Structures are given as C-alpha cells and as structure tokens.
Amino acid sequence: MFVTAPTGAGKSLLFQLPALHLALTRGAVTIVVTPLIALMVDQVEQLEHVHGISCATYLNSSITFEERRDRISRIQSGEISIVYLAPELLVSSPLESIIGKRTIGLFVVDEAHIVTTWGKDFRADYWYLGDFLADLRRKGRRFPVLCLTATAVYGGPEDVVKETVESLSLGNPILFLGSVRRPDIRFDIRRADPKTVSCGVKAFKIRKTAEAVRRCVEKREKTLVYCPFVSQVEEVYARLDPKVRSAVRKYYGSMDKSVRSEVQESFREGRCLVMICTKAFGMGVDVKDIRNVYHFAPTGSLADYVQEIGRAARGEGMEGRAVTDFLPTDILYERILYGISEMKQYQLAEILRKLGVLFRRRGRRGLLVSVDTFSYLFEDREAENKVKNGLLLIEKDLNGSYGFPVLSVRPKTAFAKSYVNVPLSAEKAFGKLYGRHAKLLDDSAVHGLPSPGRLHGTAVVNSGRIYELDMEKIWEEGFQDVSFLQFRNLFYGGGLFRCKNGERLSPRLRVRVAYCCDFSEAIRRFHFCLTSLSNIFRAYRPAGTTFTAEDFKNALLGSKAGTLIKPGFSGVLLDMFVADPSRNRGFRMNRDRLRFVASRRSPSGGETVYRIMNSGYLSMTDYLLRLAQQCAPGKDGIYQAFIPSGKNGSQPERIRLLCFLELFGLATYEVDGGKNTGIFVRVNDPEKLIQIARGKYTNRLLTEIRRRHRSSQELMLKFLSGDFTSRQRWDMIEEYFLGRWQPSRPAEGV
C-alpha cells in the first residue's frame, strides 16, 4: 500500500494502530524504516509519554551494546513489537538477529519518497531496501508493506511513486493519494528587482533575512529560517542585534550532536523563537506552534520546499506563512549544492573499469570490495556512500540495458577485515585477551619515509607484529558499555587498547598494488608527470594570480603529462592539492606539504577560483618520488604493506601516493582493513563486464537524474518568480504532485 498525505496529517497513526492490533492478536512485530534518529526518538517518546504505549523502541548507532542487546532480547521475547530503525542497519544485518523467530506483521517505509531521492544521492542504503525485501520473500516470509510520504509525485516524467514501487518490488500496490494542499499556509513571496540591489546580492540577502528574523522576534512568532549553506546561517546570525540574537538559535548537520539536541528542545519548548538552520533540521520534528517558515533561498526542489513550509501551522486553528525575499539568482545556491554532491559520469566509468581489473586479478566472481579502494575518486567523508551509490547506479543501469543483472551489489557489515600492529612487549598479554579472535599475519615489507639527501629515504618497519581481528566478537565480549560506532571510532583513533608500558595497539590498513608496467618505467613516468605538474603550479605562483579548474585542466592537457592523465580526472587531481581551511587557516605554515592550493567560491555563486599559497610545489616532486621508490613489488609482481591509518581524519601519505599513481594510469591498488563498509559484488556475466569496462561507458540513469535536476530548477524558478495568489500556488503544487505541471506549461487555473 502506498499512501500520500499532507504534512501534519497524522500519517504515523496509519501504522501505529495496526501495529498494536497485530501485536495483541497475532504477536507479530512491525518494522518501521525511518531516515533520522531524531524521528525515531520523537515517535517512540510520543508513544510512551503521550499515549502510554511501552511496546515501541528504536535501534541505531547511538545506543550502547548493552542497550542494543536488551532491546533485541525484548523484541525477540514479544515484549516490544514496534521497531524503528534506519536502512543502514537493516540491510547489513540478518533480520533474524533482530526479531528472532517472530512473524513480521507489517513493514513500514516512512518518508517513502527518500527511497529514490536520497537513495540516489547521499543515503544509498535506501536503494538496497528492494533487494532486502525480495530476499525476505524468497525465504518464505509474507507480510504487507506500507509506504507513507507527504511529497511524492504521481504520474508524469518525474513519477516518484512509480519509481518507489518498482524499487521496492511492490508489484501492484493499493494507492491512496491525498491532497498536498495546506490552505492554512499562505505565501508571502516578495520578489525583488535585481536592478535595485546596489549593495551586492549577498549583502542584500543577509540584510533582508536578518530583518525578517528581527520582525518575528518582535512579534513573538515562532519561525524557521532555512538557508542553503552553513556560512549563510552564521552570517545571518552574526548580523542580528544582541537583543534579537538572545531569542535565536542556529542548527546544521556538522554541529555536535548534543548541541543539536539541546537546540532542538529549546525551539520545541519555546525557549527560543527563531531557528536559523539548513535543511538538516525539520524532518521528524513535530513542533505545533511554528507560525512562519522563511527561506533565505530554496534549499532543494519544489518537493523539498513543500516539506519545509509544511512544518508551519500544525497546531489546531493556526495560520502559517511561507515567506521569502526572492531574487532570480537564489536558484544558483541549490545548483551549487547539487554540483558539490553530484556523481560524475567519469567516476562511474572508473568504478566499472576497476571492477573489471579486480575481477581479472582475483579470478573469482564474488568480490568483497573495500570503499577505500576507490578513495582517489571521492572525498573521505563521502566515500562510503558515493561508492555504494555508484555501484548501485551501475548495477541498475546494466540490468536495464541488457535485461539481466550483469552485476549484483550487496552491502556487508561494518567490518570486512581489520588489522592491528601489536608491539612485541604486549604480544603475550594481547594473546590472552584477544588471541581467540586474532590471526597472526606475515608482514615482511620494509617501508620508507622520504629523507633529504638520501636516495631511498629512511627504512621503516612495523614495531610489532600484524594480526587480523574479528572486531565484532571483541566488541560483543569486552566493550558492551559503548555503542558499535563508538567502539569503531576508538579503534581507528588508536585509543582502544593500551599496554602497560604506554605503547598502543595501532590499526593498520593493508594495501596491495599492481603496476601497469615495469616498476622502473612506472617511476620514470611518475617523475615525468610530477615535473609537469610542478611547472604548471610554478606558472600560477606570482602574487595575486588566480585560476579556475578549467584553466588547470587546459594547462594539464597541454603539458607532456596530459597524455597520461585519465580523461575527466584533472579536477580530482587539483583537489588533492587543495588545503582544508578548517585544518589550516594560515596556509603558509602548512604541516601538510602537499596542500599548497587555496580555493574560494565567488560570493555571487560563480565558479571556484584557486590560488597558490606557498612553495610546496617545489618539493612535491622529490617527496612523492622518494615515497614511490619504497613501494617496489615483490616476486609475485605485487607490492603489499600494512600501513598506519591516517590521524585525525587525514589520509595516510602512502594512500595519497597510490591515488596519484592510479590517476596517472601507472598502478591499480586495493585497500582493506579501514573503517568504511565492505561491499559485496557478484559478477554474473564476466565477459560482459570486461567488455563494458574496456569501452566508453555512460550511465543512462545518471543522465536522467541530471535532466530531472535541471527541470526541477526551472520549475522552482517559475514558482517563485511568478505573480500568483496563495490559492494559485497551491493549485500549482497540487498539479506538480499529480505529474501534470512542468516548467514548459502553466498549471490549470493559473
């Protein structure tokens, strides 16, 4: 069954009442898949404290092992029958480990539009739900599935309902399409003439937003203020008068979790009147007395906009307002947000190529692939989701193109393999504690650190012996007072195990490298490439010189190294030299010798410009070359080593070296033992995979995603720039969600 109903309509009741009935009459459990921890906590607390219902709980990464074990025990015994959890936990764990032998009475997908929207972007595990449900059915389980959402388009070229039904393999479900219209919310969209903005677009937007906040505080009206970027949240907040600021709070995803929780409660309970936030705030937070929702600029599509304004006027008899001071350039902010997170065709083609290489090298159809193996394609913080998302886009595209699954992709548990260096002085004590969950490995590799004046650098060996660990068993037996996420972070932070003499057991990554030519020839070519790069950066060094990514690409392709760099990878290569200002604000005293480029985006939303901030490019060639010389292959043609993981979230130097080698087509590397998820890939048709991987691959699904995004921007621009009444705007929204309004045609009645 698929149900759409407006925000604040009480959709949760549609599964909570049946869940209670199923628990009382059949002893069945209801699984509720929901996207946010805040939403889980809010619904469970509402059931307990408002309705006196104690048979609901949630499972997520924030609870300790003891709490998790206790809750699972109560689920399996029948004491708890409504279980909220995120898809990441559900698809990576056997369902029996959670519910035991109990019957599934109902399976609920809350906020179901996320399956094909977030699932194709930053929550890839939502896209695995269909395969998960299919596996349960193959095992003989039979249960109804209920999908609920306020914002899913039905019909037309952007049919989210149809896509979700197909993704979850629901067949021919019963559809209930409720109206999205909220007559209790009126629109106040004040369109500004760009010609009258004399102070600059950015200053104008900040001033107008700060004025709106001040008016809401003076009128004592509870208000949400949405900004596309964190920087805008901070700048608007800083612009406020101190007296106004005392009634205002900030909220965005990168804030500490405890601070976010405190801010959320402060807003809910009325201790603050105005919340200035990114789109990270809102979903699952039921605040009844919000009067206004103000937008600095759109944060997403029209569906996102309707979700956000729908948080107003949830209290009985209230009237809400959706307000913005609109300039046509406001659409650029969302375009930038999309561009930052957008998957690229060359990234998918490279994932596919490397899968072909790994298959040929390993010689088997079942591949357990580490996310870190593709670290050269994505930023560290987004790599896990991007690799999952990329593999799924490839799997589904090939399935659609050839009519059968060339690849099958499944996520694995949080630890595929983990390695640790055990100091010799602590080996005996370590063996007594964890020996039954540890396997001693051979590590004969000698590593090196680049040293001035020495041809091959300083020889380095691991200070102890390398063991492979079963981390889940160790967590279950010895660290029950912390959550699995906390345990994992302690391990990779080096703070989990301590020896009596102060030495530590330190995590290791296993790297395996295969060169694409003779090692000495690879070193020669690498030297050639680095020299070309250094010369390019030297040309940009004069004080005040800035350049764009396109400038760098043209310079690179025009150099002698341009014949070696893979197509489309110039931007990835440039990013490897860009410093993170949060780690390094001075740039001239940078501890990371390879991060000597600063980047800055134009305040008006234009393209990013770059500048050389120190002379790191002068030593770059010598440093990387000496590091590469330490990675000579063994007799089997493979270089293997167990290296320390990066500190404080930084990437290990040797991994960065391997990224350079891969980008220049000189080597292919694998990494395992890291904190990212392992992904299982089954190659069902090896010949087809190799054939496609060697050709020029374009993913049709990604092409369609881009088309939809362009259409979404055009539609949002038309909605906000037109002179319409509130009734006409709701007509347009209703037509849009019925698939009948597109940018190229007017809505009925408008």
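A quick note: this is a predicted structure, and the numbers were derived from the prediction, not measured. All chains use their own residue numbering, which begins from 1 and follows the written sequence. Whole-chain, interface and lining totals are the exception, using all residues; otherwise, since this is a predicted model, local features are given only for residues with pLDDT of at least 70 and side-chain atom pairs are given and counted only at 80 or more. Values shown for side chains rest on all heavy atoms present in the structure; no hydrogens or waters enter the calculation.

A. Main features of the overall build of the protein chain. A run of H or I in DSSP becomes a helix once it reaches four residues, and a run of E becomes a strand once it reaches two; helices and strands are each numbered from the N terminus. When helices and strands are tallied, the protein chain shows 26 helices and 27 strands. Exposure categories follow from relative accessible area, calculated using a 1.4 Å probe and restricted to protein chains: below 20% of the type maximum is buried, above 50% is exposed, and the middle band is partly exposed. In the protein chain, buried positions account for 54% of the 750 residues. Sequence-distant contacts in the protein chain: of pairs separated by 6 or more residues, those separated by 24 or more amount to 77%. Note on areas: these come from Shrake-Rupley sampling with a 1.4 Å probe, and a residue is covered only by the protein chains present in the view. Of the accessible surface of the protein chain, which amounts to about 33000 Å², a share of 51% is contributed by carbon and sulfur atoms. A contact between two residues is defined here by any heavy atoms of the two lying within 4.5 Å.

B. Focus on the sheet that holds strand β4 (residues 82–85). One bridge is not enough; two strands pair if DSSP finds at least two bridges between them. The strand order across the open sheet built from seven strands is β3-β4-β2-β5-β6-β1-β7, with neighbouring strands paired in parallel fashion. Sheet topology places β3 (56–59) and β7 (175–177) at the edges, where each strand pairs with a single neighbour. Direction aside, the axes of adjacent strands within the sheet are offset by 20° on average. Bridge count for strand β2 (residues 29–33) against β4 is four bridges, and the pairing is parallel. Paired with V33 across the strands is L85, a residue of β4. Orientation is described by axes fitted as lines to C-alpha atoms, over the contacting stretch for helices, and by angles from 0 to 180 degrees between their N-to-C directions.

C. Up close: the packing of helix α19 (residues 519–539) against helix α20 (residues 549–558). In contact at an axis separation of 10 Å, α19 and α20 are set at 135° when each is read in the N-to-C sense. Our classification of the angle between α19 and α20 gives oblique. Judged by the twist between their axes, the crossing of α19 over α20 is right-handed. Contacts between α19 and α20 involve L533, I536 and F537 on the former and, on the latter, F552, A555 and L556. By residue class, the composition of the contact of α19 with α20 is six nonpolar, no polar and no charged. Orientation categories follow fixed angle ranges, with anything under 35 degrees roughly parallel, anything over 145 roughly antiparallel, 65 to 115 roughly perpendicular, and all other angles oblique. Left-handed is the label given to a crossing in which the near helix is rotated counterclockwise from the far helix by less than a right angle, and right-handed is the label when the rotation is clockwise. Gly is put with the polar residues, along with every residue not named as nonpolar or charged; the nonpolar set is Ala, Val, Leu, Ile, Met, Phe, Trp, Tyr, Cys and Pro, and the charged set is Asp, Glu, Lys and Arg.

D. Structural detail: the packing of aromatic side chains. Working definition: a ring pair exists when centres of Phe, Tyr or Trp rings (six-membered ring for Trp) sit within 6.5 Å. Plane angles under 30 degrees give stacked, over 60 give edge-to-face, the rest tilted. Summed over all chains, the structure comprises 25 aromatic pairs. Each ring, one from F577 and one from F596, has its centre 5.3 Å from the other, and the planes form 40°; the classification is tilted. Here F577, found in the loop between α21 (570–575) and β23 (597–601), pairs with F596, found in the loop between α21 and β23; they are 19 residues apart in sequence, far enough to count as distant. Since its relative accessible area comes to 0%, F596 is described here as buried. Through a chain of ring-to-ring contacts, the aromatic side chains of F537, F552, F577, F596, Y617 and F660 assemble into a single cluster. The ring of F296 is capped by K205, whose NZ or CZ atom sits 5.6 Å from the centre of that ring. By definition here, charges over rings are those cases where NZ of Lys or CZ of Arg is within 6 Å of the ring centre and within 35 degrees of the ring normal.

E. Looking closely at the state of the cysteines. Put simply, a disulfide is two cysteine sulfurs that come within 2.5 Å. One pass over the structure, following the stated rule, counts zero disulfides. Here C277 stays free of any disulfide, with the sulfur of C227 as its closest cysteine sulfur at 7.4 Å. When its relative accessible area of 0% is taken as the criterion, C277 is described as buried.

F. Just unusual backbone geometry, in detail. One non-glycine residue, E111, lies in positive phi territory at about 50°. Among the structural elements, E111 can be located in the loop between β5 (104–109) and α6 (129–138). Take E111: its relative accessible area is 11%, and that puts it in the buried class. The backbone phi angle of A313 is positive, close to 55°, even though this residue is not glycine. Mapped onto the secondary structure, A313 falls in the loop between α12 (302–309) and β13 (320–326).

G. Summary view of the sheet that holds strand β8 (residues 185–191). Pairing within the open sheet is parallel, and its six strands lie in the order β8-β13-β12-β9-β11-β10. The sheet is open, and its two edges are formed by β8 and β10 (248–251), each paired on a single side. Between one strand and the next, the sheet's axes are offset by a mean angle of 15°, whatever the strand orientation. As judged from the four bridges shared by strand β9 (residues 223–226) and strand β12 (residues 292–295), these two strands associate in the parallel manner. By the bridge assignment for β12, T223 is matched with N292.

H. A look at the confidence of the model for the protein chain. Per-residue confidence for the protein chain gives a mean pLDDT of 85, with 88% of residues at or over 70. Confidence of the predictor at the level of single residues is captured by pLDDT, which takes values from 0 to 100. This stretch, residues 583–587, has a pLDDT under 50; its non-local contacts, to residues over four places away or in other chains, come to 10 contacts.

I. Just the pairing of strand β24 (residues 608–612), in detail. Side-chain alternation along β24 places T608, Y610 and I612 on a buried face and V609 and R611 on a face that remains uncovered. Sheet analysis places strand β22 (residues 547–548) next to β24, joined by two bridges and oriented antiparallel. Bridge pairing links T548 to V609 in β24. In this sheet, β24 lies alongside β23 in antiparallel orientation, the contact comprising five bridges. The residue of β24 that forms the bridge with R601 is T608.

J. Structural detail: a nonpolar patch on the surface. Like-charged residues within 9 Å of one another, or nonpolar side chains (Val, Leu, Ile, Met, Phe, Trp, Tyr) within 5 Å, are grouped into patches, provided each residue has over 30% relative accessible area and no salt bridge. When a carboxyl oxygen of Asp or Glu is within 4 Å of a side-chain nitrogen of Lys or Arg, the pair counts as a salt bridge. A surface patch of nonpolar side chains, amounting to about 300 Å² of accessible area, comprises Y154, L175, L177 and L738. Topologically, L175 is positioned in strand β7. You can call L175 partly exposed: its relative accessible area is 34%.

K. The arrangement of the side chain of T151 in detail. Tracing the chain through its elements places T151 in the loop between β6 (145–149) and α7 (160–167). The exposure class of T151 is buried, given its relative accessible area of 4%. Think of a polar contact as two N or O atoms within 3.5 Å of one another; within protein, one of them needs to be a possible hydrogen donor and the other a possible acceptor, and neighboring residues in sequence only count if both atoms come from side chains. Engagement of the side chain of T151 in a polar contact is seen with the side chain of Q307, the distance being 3.0 Å. Other than its neighbours up to four places away in sequence, T151 contacts H113, A303, V306, Q307 and F737.

L. Summary view of the nonpolar core. Put simply, buried Ala, Val, Leu, Ile, Met, Phe, Trp, Tyr and Cys residues joined by side-chain atoms within 4.5 Å make one nonpolar core. Core analysis: the biggest nonpolar cluster contains 211 residues, and F107, I276, Y305, F526, F537, L573 and F719 have the highest contact counts within it. The element contributing the most residues to this core is α19, with nine residues. If we ignore the near neighbours within four places in the chain, the residues touching I276 are V213, V225, C227, V233, V236, Y237, L240, V248, R249, K250 and Y251. Membership of the second largest hydrophobic core comes to 15 residues, among which are V420, Y434, M471 and L505.

M. Layout of the packing of helix α14 (residues 345–362) against helix α24 (residues 686–694). Two elements in contact, α14 and α24, have axes whose closest approach is 8 Å; the angle formed by their N-to-C orientations is 135°. Taken together, α14 and α24 sit at an angle that is classed as oblique. Considering how the two elements wind past one another, α14 and α24 form a crossing that is left-handed. Packed against α14, whose contacting residues are L352, R353, L355, G356, F359 and R360, the element α24 presents P686, L689, I690, I692, A693 and R694 at the interface. Grouping the amino acids of the contact of α14 with α24 by side-chain chemistry returns eight nonpolar, one polar and three charged.

N. Highlighting helix α17 (residues 471–478). Those residues of α17 not exposed but buried are M471, I474 and W475. Buried residues in α17, looked at end-on, bunch into an arc of 100°, giving them a common side. For this quantity, the arc is that covered by the directions from the helix axis to the C-beta atoms.

O. Up close: the pattern of salt bridges. Tallying each qualifying case throughout the model produces 45 salt bridges. Across the pair R74 and E79 runs a salt bridge whose closest N-O atoms are separated by 3.3 Å. Taking relative accessible area as the criterion, R74 reaches 25% and is therefore assigned partly exposed. Classification of E79 as partly exposed rests on a relative accessible area of 48%. Its salt-bridge partner being R181, residue E734 comes within 3.2 Å of it at the nearest N-O pair. Of this pair, E734 sits in helix α26 (residues 726–737) while R181 sits in the loop between β7 and β8, and the two are 553 residues apart along the sequence. Several salt bridges share partner residues, and in doing so they unite E163, E704, R707 and R708 into one network.

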